[in-house]
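A look at the structure
Take a look at the letters that make up each chain.
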Amino acid sequence: GETLGIVGESGSGKTTLASAIMRLVPSQGDITLGDTSLGTLSGNVLRRQRHRFQMVFQDPYGALSPRMSVFDIVSEGLRFHHPELDADEVSTRVHQTLMEVGLPASCAARYPHEFSGGQRQRIAVARALILEPELLVLDEPTSALDRTVQKQLIALLRDVQARRRLSYLFISHDLAVVRAMAHRVIVLKEGEVVEHGDCLEVLSSPRHAYTRALIDAAHLAPVDV
């Protein structure tokens with residue numbers, strides 16, 4: 001039920017860290033989800049664990065196959081991880097999940113090009129949520145959206161988190177968005193954690209010069225902690 005924000009300038013290692021946690025790139029060190037050491041898993045054994053940790057990517061236009069309907073996009077993982085479900089059960093879960101992210105069930109028959117960027121990101125969230133993950137890794141999920149749509153997506157993510165008790169790893173260079181989402185935050189610089197702690201405390205009273213520089217560059221308005 002907690003959000004850990006990861007902030008840093010471009011090239012600081014945010015996306016590489018997320019990709020390593022998702023086991024999409026090679027890495028060293030321990031990656032543990034609950035009692036499961038993910039770093040030692042591979043092949044089908046790893047794939048069978050993937051329903052527990054899902055990722056929403058930065059680009060809502062490139063993350064969805066244009067050749068697949070929304071129904072097929074959202075149901076693909078469900079059909080892999082739960083082959084015991086019949087067609088009616090899959091359809092019911094797809095429609096329920098679409099409605100949970102604020103999309104009508106009728107959009108399941110349409111294709112990604114028919115939707116706005118914000119709607120596509122909701123479809124990507126639905127694709128992840130339908131597997132009932134324990135952890136959702138969100139890599140700059142609002143960066144391609146305008147401010148109004150950003151606020152709508154943030155409100156959706158917070159609502160889903162509260163209802164599902166999901167853990168988020170929220171990556172962003174936008175400190176205002178991180179402040180709205182994260183409970184704790186770590187600050188990355190050239191692949192190293194230079195500061196971490198309660199999000200509001202770090203952003204209100206940074207100890208490291210690099211964090212202060214990020215805040216100054218973002219013109220982040222102060223808040224009372």
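Remember, it's a predicted structure, so these values are computed and weren't measured experimentally. (Residues numbered from 1 in each chain as written. Predicted model: local features only at pLDDT ≥ 70, side-chain atom pairs only at ≥ 80, totals over all residues. Heavy atoms only, no water.)

A look at the packing of helix α5 (residues 117-129) against helix α6 (residues 147-164)
Defined as follows: Lines fitted to C-alpha atoms define the axes here, with helix axes fitted over just the stretch in contact, and angles between the N-to-C directions of these axes take values from 0 to 180 degrees. Going along the chain from the N terminus, every DSSP run of H or I of four or more residues is numbered as a helix, and every run of E of two or more is numbered as a strand. Angles are sorted into four bins: roughly parallel if under 35 degrees, roughly antiparallel if over 145, roughly perpendicular if 65 to 115, and oblique for all others. In this scheme the crossing of two helices becomes right-handed for a clockwise turn of the near helix relative to the far one and left-handed for an anticlockwise turn of less than a right angle. Contacts between residues were defined by any pair of non-hydrogen atoms, one from each residue, lying within 4.5 Å. The nonpolar class holds Ala, Val, Leu, Ile, Met, Phe, Trp, Tyr, Cys and Pro. Asp, Glu, Lys and Arg form the charged class, and all remaining residues, Gly among them, are polar.
Across the interface, α5 lies against α6 with an axial gap of 10 Å and an inter-helix angle of 15 degrees. One finds that α5 runs roughly parallel with respect to α6. Crossing hand, α5 versus α6: right-handed. Contacts between α5 and α6 involve G118, Q121, R122, V125 and L129 from the former and V149, Q152, L153, L156, L157, V160 and R164 from the latter. The residue makeup of the contact of α5 with α6, split by class, is seven nonpolar, three polar and two charged.

Thoughts on the sheet that holds strand β8 (residues 192-198)
Stated precisely, the cut-off is as follows: Strand pairing is defined by DSSP finding a minimum of two bridges between the two strands.
With mixed pairing, the six strands of this open sheet are ordered in space as β4-β5-β6-β1-β7-β8. Each edge of the open sheet carries a strand with a single partner, namely β4 (53-56) and β8. Put simply, the sheet's adjacent strands are angled 15 degrees from each other on average, direction ignored. Here strand β1 (residues 3-7) runs beside strand β7 (residues 184-189); their pairing, made up of four bridges, is parallel. Bridged to V7 within β7 is V187. Across the sheet, α5 touches β4 and β5 (135-139), and the angle it forms with β4 is around 175 degrees.

Things to note about a nonpolar patch on the surface
Filter applied, for reference: What makes a patch is a set of residues exposed beyond 30% relative accessible area and free of salt bridges, joined within 9 Å when like-charged and within 5 Å when nonpolar (Val, Leu, Ile, Met, Phe, Trp, Tyr). In these tables, accessible area is a Shrake-Rupley quantity obtained with a 1.4 Å probe, and a residue counts as shielded only by the protein chains included in the view. Note on definitions: salt bridges are taken to be side-chain nitrogens of Lys or Arg within 4 Å of carboxyl oxygens of Asp or Glu.
On the surface, a nonpolar cluster with roughly 240 Å² of combined accessible area is contributed by L24, V25 and F57. Locating F57 in the fold gives a position in the loop between β4 and α3 (70-81).

What about the nonpolar core?
Quick reminder of the rule: In these notes, a set of buried Ala, Val, Leu, Ile, Met, Phe, Trp, Tyr and Cys residues joined through side-chain atoms within 4.5 Å is what counts as a nonpolar core. The buried label applies to any residue whose accessible area, calculated with a 1.4 Å probe on protein chains only, is under 20% of its type's maximum; exposed applies above 50%, and partly exposed to all values in between.
Membership of the largest hydrophobic core comes to 49 residues, with the highest contact counts inside it found for V74, L98, I123, L157 and Y168. When neighbours within four sequence positions are excluded, L157 is seen to be in contact with V125, L138, Y168, F170 and M181. F53, V137, L169 and L188 belong to the second-largest nonpolar core, a separate cluster that totals 17 residues.

Take it as geometry only, folks, not as evidence of what the structure does.
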